[in-house]
Amino acid sequence: MAVLNHNRVMAYLVPADVYESMLERLDDLYLAELVKERADEKGEPVDIDAL
């Protein structure tokens, strides 16, 4: 639903579950981009048990 003010869109209203789904998708896209950026990095392996 669009909220108009003088025939100009001021806001879009979406159900809470749709908004949460959009945020999850954006977070997934951000993490995927971060993984791609770091894929070529050389680093020391970390032992998860030592942490």
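Throughout what follows, the structure given in this document is the object of discussion. (Residues numbered from 1 in each chain as written. Predicted model: local features only at pLDDT ≥ 70, side-chain atom pairs only at ≥ 80, totals over all residues. Heavy atoms only, no water.)

So, the overall build of the chain
Helix and strand counts for the chain stand at one helix and two strands. Tracing the chain from N to C terminus, the helices and strands come up as β-β-α. Taking 10 Å as the expected radius of gyration for a compact globule of 51 residues, we find that the chain reaches 20 Å, considerably beyond that expectation. Taking the principal axes of its C-alpha atoms as reference, the chain extends roughly 60 × 20 × 10 Å. (Helix = DSSP H or I, 4+ residues; strand = E, 2+ residues; numbered from the N terminus. Rg over C-alpha atoms; globule rule 2.2 N^0.38 Å.)

As for unusual backbone geometry
Glycine aside, residues mostly have negative phi, and peptide bonds are mostly found in the trans state. Within the chain, histidine 6 stands out as a residue other than glycine whose phi angle is a positive 55°. Checked against the element boundaries, histidine 6 lands in the loop between strand S1 (2-5) and strand S2 (8-12). With a phi angle near 60°, asparagine 7 is a residue other than glycine that sits in the positive phi range. The exposure class assigned to asparagine 7 is exposed, which follows from its relative accessible area of 74%. (Buried < 20%, exposed > 50% of the residue type's maximum accessible area, 1.4 Å probe, protein only.)

A word on the pairing of S2
Where S1 lies against S2, four bridges are found, and the strand directions are antiparallel. Within S2, the position partnered with leucine 4 by the bridge is valine 9. With antiparallel pairing between neighbouring strands as the criterion, S1 and S2 make up a hairpin whose turn holds two residues, including histidine 6 at a positive phi of roughly 55°. (Pairing = 2+ DSSP bridges.)

A word on a negative patch on the surface
A cluster of like negative charges, contributed by Asp17, Glu20, Glu24, Asp27 and Asp28, occupies part of the molecular surface. What makes aspartate 28 partly exposed here is its relative accessible area of 42%. (Patch = residues over 30% accessible without salt bridge, like charges linked within 9 Å, V, L, I, M, F, W, Y side chains within 5 Å. Areas by Shrake-Rupley, 256 points an atom, 1.4 Å probe, with all protein chains shown as cover. Salt bridge = Lys/Arg side-chain N within 4 Å of Asp/Glu carboxyl O. Lys, Arg positive; Asp, Glu negative; His and termini not counted. Charge placed at Lys NZ, Arg CZ, Asp CG, Glu CD.)

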